Amino acid sequence: MYNKQDCMMAIDAGTGSVRAIVFDALGKQIAVSQREWIHIHDERYPGSISFDWQKNWKIIKACIYDVLHDHKIDASQIKGISSTSMREGIVLYDHDGNELLAFSNIDARSKKEVLSLKRKFPELEKKLYDISGQTFALSSIPRLIWVKNNRPDIYRQITCVNMLSDWILYKLSGELLTEPSNASTSGVLSLSTRKWDLKIPELVNIDPSIFPSVFESGTKVGDVLPSVASETGLETSTSVITGGGDSQLGCIGVGSIQNGQAALFGGSFWQYEYNTNNPLVDQEARLRMNCHAIPNLWQYEGIAWNSGLVMRWFRDAFCQLEKVFAEANDIDVYSLLDAKASKIPAGANGMISTFADVMNFISMKHAAPTFTNFDIDPNNFNKYTFYRSIMENAALITRGHVENIKKMTNKQPKEIIFAGGASKNPLWSQIVADVLGIKIKTPVIKEATALGASLLAGVGTGIYSSLDEAVEQVVHFDKIYEPNLANSSVYVKQYEQWQKVYQAQLALSERNVTRFMWRAPGVH
């Protein structure tokens with residue numbers, strides 16, 4: 001049974017910033033300190049975006065210090081601390097545990113290595129996908145080969161590699177290790193065993209001895225180091241608990257912890273996560289498969305590229321007057337746009353926008369974005385029609401992910417938990433329900449990733465007897481969106497049309513008539 005005075009701390013490391021957040025045992029956010037960080041581009045290596053471990057560790061320590069001291073939190077109340085981070089980022093260490101090199105999640109310097117792998121071993125990527133659920137697009141394998149090819153001085157010194165969330169735990173506790181949820185995005189972890197599959201690095205001539213021990217999320221690995229305690233104000237009695245990847249811990253934070261549950265996270269990118277107790281990969285390799293941060297549970301993942309970023313672009317490029325009015329009247333600019341867009345009928349008067357394809361993980365590429373099928377009619381086709389069409393586009397991509405998983409499993413969730421920034425928007429939430437034809441629930445705490453890390457810290461320190469108890473105690477929902485059947489019938493037809501339009505757009509990009517919005521390294 002928890003003590004009301006018990007608290008947990010989560011370190012949430014995103015692409016653009018890091019936060020130290022303190023939660024009490026009821027899941028209430030007590031305090032937060034956030035600082036932005038930037039990643040390093042080395043002009044010698046096109047596409048390189050390194051993680052600056054020296055500067056960023058100082059930033060993390062400053063966040064911890066600030067959250068304790070600025071909010072006058074008694075450090076003895078912090079029973080456990082855990083971490084979460086953007087996935088795919090890796091850190092390399094020498095035999096003394098010193099960092100040698102670190103890659104951010106968006107590093108893209110290994111294009112030549114991907115092309116070489118595809119040329120030399122045309123069957124290898126699918127073979128690795130069948131084992132790990134990952135492709136060359138986002139995995140660590142091409143990056144490690146890049147180090148071997150381009151920085152042999154560093155490669156010779158490597159004795160360990162782990163993920164960015166693991167690196168945070170290492171800096172706190174001195175323990176070098178990993179856990180399945182983030183490590184599974186490396187492409188070197190076996191889905192079935194949830195351990196490293198050392199045949200994978202051997203296949204590409206990478207040293208298999210550099211991969212550390214694997215502990216499930218929510219496991220205590222040590223205590224806060226004295227040096228860290230003296231610099232941050234934490235106590236050495238605070239337990240350090242394994243955390244995980246941002247999407248998986250977001251699922252914990254919204255209570256998606258059982259087989260057959262599904263969650264959708266609407267941020268810069270949209271991730272659809274469907275839980276399964278059977279690690280059976282997609283034979284067509286369209287969907288990513290990751291380990292959940294819960295033993296014996298996995299997730300099919302479909303990523304909608306740039307969905308939130310497109311909305312931000314449209315706001316900043318075309319809605320200057322609304323931004324000025326919103327600032328002058330202290331209201332959210334999106335609420336102004338929503339009020340207008342809500343009057344546009346489902347299907348945006350037939351307009352279709354294509355900003356990303358349904359995920360095809362083995363060949364990730366997205367055609368040049370476009371709006372089409374509109375008339376020169378300002379009453380029916382104005383900026384609010386375009387705005388609504390962007391919302392519908394994100395939901396249509398998600399529909400494709402739901403349908404592809406259903407084709408594989410013969411299962412579809414009865415409800416989906418919708419979290420992240422987009423879930424704060426009632427119009428967008430209703431559009432998602434209508435497009436999917438599935439009930440949508442939004443949690444009270446919509447920024448759930450850090451909450452998931454804190455719940456793991458609570459389980460690992462005994463504040464909660466189990467993750468089930470933690471979720472029951474902490475996770476609550478504020479709104480339910482039932483699908484409007486009339487709107488859903490419109491979207492069924494629009495989805496078929498949208499697919500045809502997208503394939504035509506993709507063909508144009510493949511013929512070099514238009515530019516691809518994005519392509520994974522090595523994909524033609």
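Before any of the text, the structure's been laid out above.
Residues numbered from 1 in each chain as written. Predicted model: local features only at pLDDT ≥ 70, side-chain atom pairs only at ≥ 80, totals over all residues. Heavy atoms only, no water.

Draft legend 1. Molecular detail of empty space enclosed by the protein. Using the criterion set out here, one finds four cavities of 30 Å³ or more in the structure. In this model, the largest cavity occupies a volume close to 40 Å³. Ile-90, Ser-140, Leu-144, Val-161, Asn-162, Met-163, Ser-186, Val-188, Trp-196 and Phe-211 together form the lining of the largest cavity. The dominant element in the lining of the largest cavity, judged by the number of residues it contributes, is strand β7 (residues 160–163), at three residues. Looking at side-chain class alone, the lining of the largest cavity contains seven nonpolar, three polar and no charged residues. The computed volume of the second largest cavity comes to approximately 40 Å³. Taken together, Glu-125, Leu-128, Ser-132, Gln-134, Thr-135, Phe-136, Ser-139, Ile-141 and Gly-187 form the lining of the second largest cavity. Broken down by element, the lining of the second largest cavity gets its largest block of residues, three residues, from helix α3 (residues 124–132). In terms of residue class, the lining of the second largest cavity is made up of three nonpolar, five polar and one charged. (1 Å grid on protein atoms, 1.4 Å probe; cavity = no way out; pocket = protein on both sides within 12 Å on 5 of 7 lines; lining within 4 Å. Points joined across faces, edges and corners; volume = space filled by probe spheres on them. Helix = DSSP H or I, 4+ residues; strand = E, 2+ residues; numbered from the N terminus. Nonpolar A, V, L, I, M, F, W, Y, C, P; charged D, E, K, R; others polar.)

Draft legend 2. View of helix α15 (residues 426–436). Among the 11 residues in α15, nine count as buried, and that is most of the element. Between the side-chain oxygen at the start of α15 and the backbone nitrogen of Leu-427 there is a gap of 3.0 Å, and the oxygen is on Asn-425. Once α15 ends, the next one or two residues include Gly-437, with phi positive near 70°. (Buried < 20%, exposed > 50% of the residue type's maximum accessible area, 1.4 Å probe, protein only. Polar contact = N/O pair within 3.5 Å; in protein donor to acceptor, adjacent residues only side chain to side chain.)

Draft legend 3. A look at unusual backbone geometry. Here the phi dihedral of Asn-296 falls at roughly 65°; this positive angle occurs in a residue that is not glycine. The topology assignment puts Asn-296 in the loop between β13 (288–291) and β14 (298–304). Even without being a glycine, Asn-349 presents a positive backbone phi close to 55°. Here Asn-349 lies in the loop between α13 (333–341) and β15 (352–354).

Draft legend 4. Representation of the pattern of salt bridges. The tally for this structure, following the rule as stated, stands at 27 salt bridges. Note that Asp-66 and Arg-35 form a salt bridge whose closest N and O atoms lie 2.6 Å from each other. Taken as a pair, Asp-66 in helix α1 (residues 53–69) and Arg-35 in strand β3 (residues 29–36) lie far apart in primary sequence, 31 residues in all. One salt bridge in this structure joins Glu-301 and Arg-87, with 2.8 Å as the shortest N-O distance. Placement of the pair is Glu-301 in strand β14 and Arg-87 in the loop between β4 (78–85) and β5 (90–93), with a sequence separation of 214 residues. Accessibility assignment for this pair places Glu-301 and Arg-87 in one class, buried. (Salt bridge = Lys/Arg side-chain N within 4 Å of Asp/Glu carboxyl O.)

Draft legend 5. Structural view of the layout of surface pockets. The computed volume of the second largest pocket comes to approximately 340 Å³. Lining the second largest pocket are 20 residues, with Asp-357, Val-358, Met-359, Asn-404 and Gln-503 sitting closest to its centre. Broken down by secondary-structure element, the contributors of at least two residues to the lining of the second largest pocket are β16 (365–366), α14 (383–409) and α18 (485–510). Classifying every residue of the lining of the second largest pocket gives seven nonpolar, seven polar and six charged.

Draft legend 6. Geometry of the sheet that holds β13. Spatial ordering of the open sheet is given by β13-β14-β12-β11-β18-β19-β20, a layout of seven strands whose pairing is mixed. The strands lining the two open edges of the sheet, one partner per strand, are β13 and β20 (477–481). Strand-to-strand, the axes of this sheet are offset by a mean angle of 25°, without reference to chain direction. Strand direction decides the pairing type here: strand β11 (residues 262–266) and strand β12 (residues 270–276), joined by five bridges, are antiparallel. From the neighbouring strand, Leu-264 faces β12, where its bridge partner is Tyr-272. Lying over the sheet, α14 contacts β11, β12, β14 and β18 (415–419), oriented at roughly 20° with respect to β12. (Pairing = 2+ DSSP bridges. Axes fitted to C-alpha atoms, helices over the stretch in contact; angles between N-to-C directions. Contact = heavy atoms within 4.5 Å.)

Draft legend 7. Local environment of the environment of Gly-174. Residue position: Gly-174 is located in the loop between α6 (164–173) and α7 (180–183). In this structure the C-alpha to C-alpha distance between Gly-174 and Val-221, which are 47 residues apart in sequence, comes to 9.4 Å. The residues touching Gly-174, leaving out its near neighbours within four places in the chain, are Leu-169 and Leu-225.

Draft legend 8. Quick peek at the nonpolar core. Ranked by internal contacts, the top residues of the largest apolar core, which has 104 residues, are Leu-92, Val-147, Trp-270, Ile-416 and Val-432. The dominant element in this core, judged by the number of residues it contributes, is α14, at 11 residues. Ignoring sequence-local partners within four residues, the contact set of Val-432 consists of Leu-264, Trp-270, Ala-395, Phe-418 and Ile-440. Ranked by size, the runner-up nonpolar core spans 39 residues in total, among them Trp-57, Leu-68, Leu-172 and Leu-234. (Core = buried A, V, L, I, M, F, W, Y, C linked by side-chain atoms within 4.5 Å.)

Draft legend 9. Quick look at the packing of aromatic side chains. Applying the stated rule across the entire model yields 22 aromatic pairs. Note on Trp-305 and Trp-518: the rings are 4.5 Å apart at their centroids and 35° apart in plane angle, and the pair reads as tilted. Linking Trp-305 in the loop between β14 and α11 (307–318) with Trp-518 in strand β21 (residues 518–519), this pair joins segments that are 213 residues apart in sequence. Here the aromatic rings of Trp-313 and Phe-314 are separated by 6.2 Å at their centres, their planes lie at 65°, and the arrangement is edge-to-face. (Phe/Tyr/Trp six-rings, centres within 6.5 Å; stacked < 30°, edge-to-face > 60°.)

Draft legend 10. Helix α16 (residues 449–460), seen in detail. Between its first and last C-alpha atoms α16 spans 17 Å; for 12 residues at 1.5 Å apiece the expected length is 16 Å, and the two agree. Of all 12 residues making up α16, 10 are buried, and the element is well covered by its neighbours. Those residues of α16 that are buried are in contact with β1 (7–13), β2 (17–24), β4, β9 (239–241), α10 (246–253) and α17 (467–474). Gly-462 occupies a position one or two residues after α16 and carries a positive phi of about 85°. (Expected span 1.5 Å × (residues − 1).)

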